[in-house]
Amino acid sequence: MNRSRFPIRFARLLESRSGRLTPLLERVRLLQRAEHLLRETLGVDLGAHCRAGGLTGGRLVLLADSPVWATRIRYAVPALLERLEGEGDIPVREIQVRVGRASIAREPASRRARPLGEETARNLRETAEAVGDEALRSALLRLARRRGRPES
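First, a word on scope: everything that follows refers to the structure included in this document. Computed from a predicted model, the values in this text were never measured in an experiment. Each chain has its residues counted from 1, following the order in which its sequence is written. With the structure being a predicted model, the display of local features is reserved for residues of pLDDT at least 70 and the display and counting of side-chain atom pairs for 80 or more, all residues being used for whole-chain, interface and lining totals. Heavy atoms throughout the structure, all of them, feed into the side-chain values; hydrogens and water do not.

What about the packing of helix α5 (residues 118–130) against helix α6 (residues 134–144)?
One can describe the packing of α5 onto α6 by two numbers: an axis separation of 8 Å at closest approach and a directional angle of 165 degrees. Here α5 lies roughly antiparallel to α6, going by the angle between them. Helix-helix and strand crossings are classified by hand; for α5 and α6 the assignment is left-handed. Where α5 abuts α6, its residues Ala121, Leu124, Arg125, Thr127, Ala128 and Glu129 lie against Arg137, Leu140, Leu141, Leu143 and Ala144. Tallied by class, residues from the contact of α5 with α6 come to 7 nonpolar, 1 polar and 3 charged. Axis lines are fitted to C-alpha atoms, over the contacting stretch for helices. Their N-to-C directions set the angle, which ranges from 0 to 180 degrees. Runs of H or I in DSSP of at least four residues are treated as helices and runs of E of at least two as strands, each being numbered from the N terminus. Just so you know how the angles are binned, under 35 degrees is roughly parallel, over 145 roughly antiparallel, 65 to 115 roughly perpendicular, and the rest oblique. Left-handed describes a crossing whose near helix is turned anticlockwise from the far helix through less than a right angle; right-handed describes the clockwise counterpart. Contacts between residues were defined by any pair of non-hydrogen atoms, one from each residue, lying within 4.5 Å. Lys, Arg, Asp and Glu make up the charged group, whereas Ala, Val, Leu, Ile, Met, Phe, Trp, Tyr, Cys and Pro make up the nonpolar group; the residues left over, Gly among them, are polar.

Here it is, written out as structure tokens:
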């Protein structure tokens with residue numbers, strides 16, 4: 001192993017135009033762009049039940065929450081194709097709608113921290129005692145204090 005090349009900062013790997021991750025990042029950017037246009041075209045109600053699932057060989061695969069939502073999205077495919085072709089930066093010739101786990105419009109998770117069980121709190125305190133790093137020790141002890149009755 002050539003030590004002069006390691007470690008490489010992850011951000012530098014992502015920014016590198018000649019790196020192995022470049023094609024993957026480009027696909028991710030295209031999917032993000034397609035999903036953004038999808039939401040704009042479908043609107044909030046319909047767009048909440050659909051996600052861009054993949055883009056290969058000019059085929060954009062959309063994932064819908066259920067067969068009912070998939071049918072409604074299929075009716076919107078001509079408008080989506082027109083919009084994507086009009087943008088020009090996303091090479092889509094065909095849109096396929098599949099039923100899958102697509103929803104991103106879920107209820108937001110509670111922002112309140114859930115109380116820890118006594119055993120978990122004890123494990124955190126024991127771990128904190130064994131840690132040499134003071135900042136980590138302090139964080140573990142703060143976390144251990146989030147003890148309380150589990151929700152029923």
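So that's the structure; there's more coming.
Digging into the nonpolar core
Nonpolar side chains in soluble globular proteins tend to be buried together. Leu60, Leu62, Ile90, Val92, Ile95 and Val97 are the most contacted members of the largest nonpolar core, which totals 23 residues. If you list the elements that add at least two residues to this core, you get α2 (22–47), β1 (50–56), β2 (59–64), α3 (67–75), α4 (77–87) and β3 (94–99). Sorting elements by how many residues they give to this core places α2 first, with 6 residues. Non-local contacts of leucine 62, meaning those with residues more than four positions away in its chain, are made with Leu38, Cys50, Arg51, Ala52, Gly53, Ile73, Leu80, Ile95, Gln96, Val97 and Arg98. In this text, buried Ala, Val, Leu, Ile, Met, Phe, Trp, Tyr and Cys residues form a nonpolar core when linked through side-chain atoms within 4.5 Å. With a 1.4 Å probe rolled over the protein chains alone, any residue whose accessible area is under 20% of its type maximum counts as buried; one over 50% counts as exposed, and the rest are partly exposed.

Describing the sheet that holds β2
Pairing between sheet strands relies on hydrogen bonds along the backbone, with the strands arranged either parallel or antiparallel. The strand order β1-β2-β3 describes an open sheet built from 3 strands, whose pairing is mixed. Only two strands of the sheet have a single partner each, and these edge strands are β1 and β3. On average, each strand axis in the sheet is tilted by 25 degrees relative to the strand beside it, whichever way the strands run. Against the sheet, α2 engages β1 and β2, with an angle of about 150 degrees to β1. α3 rests against β1, β2 and β3 of the sheet, and its axis sits at about 165 degrees to β3. Think of it this way: DSSP has to see at least two bridges between two strands before they count as a pair.

With respect to the packing of α2 against α4
In the contact formed by α2 and α4, the axes pass within 10 Å of each other and the chain directions differ by 130 degrees. Taken together, the axis directions place α2 and α4 in an arrangement best described as oblique. Two packed elements cross with a definite hand, and for α2 against α4 that hand is right-handed. On α4, the residues that touch Arg33, Ala34, Leu37, Leu38, Glu40, Thr41 and Leu42 of α2 are Ala79, Leu80, Arg83, Leu84 and Glu87. Class assignment of the residues belonging to the contact of α2 with α4 gives a composition of 7 nonpolar, 1 polar and 4 charged.

Considerations on the environment of alanine 48
With respect to the helices and strands, the residue alanine 48 is situated in the loop between α2 and β1. Its relative accessible area of 15% is what places alanine 48 among the buried residues.

Brief notes about the side chain of glutamate 35
Mapping glutamate 35 onto the fold places it in helix α2. Of the residues examined, glutamate 35 reaches a relative accessible area of 13% and is grouped as buried. Among the polar contacts made by the side chain of glutamate 35, one reaches the side chain of arginine 39 at a distance of 2.9 Å. Here a polar contact is recorded for every N or O atom pair within 3.5 Å, except that within protein the pair must consist of a potential hydrogen donor and a potential acceptor, and residues adjacent in sequence are included only if both atoms are side-chain atoms.

Description of the pattern of salt bridges
One speaks of a salt bridge when a side-chain nitrogen belonging to Lys or Arg is within 4 Å of a carboxyl oxygen belonging to Asp or Glu. Enumeration over the complete set of coordinates arrives at 8 salt bridges. The partner of glutamate 35 in a salt bridge is arginine 39, and the shortest N-O contact between them spans 2.9 Å. Here the residue glutamate 35 and the residue arginine 39 both occupy positions in helix α2, the gap between them amounting to 4 residues, near one helical turn. Arginine 39 sits in the partly exposed class, given a relative accessible area of 23%. In this structure, the salt-bridge partner of arginine 51 is glutamate 35, at a minimum N-O distance of 3.6 Å. Separated by 16 residues along the polypeptide, arginine 51 in strand β1 and glutamate 35 in helix α2 bring together distant segments of the chain. The class for arginine 51 is partly exposed, based on a relative accessible area of 34%. What emerges from the salt-bridge pattern is a single network uniting Arg33, Glu40, Arg83 and Glu87.

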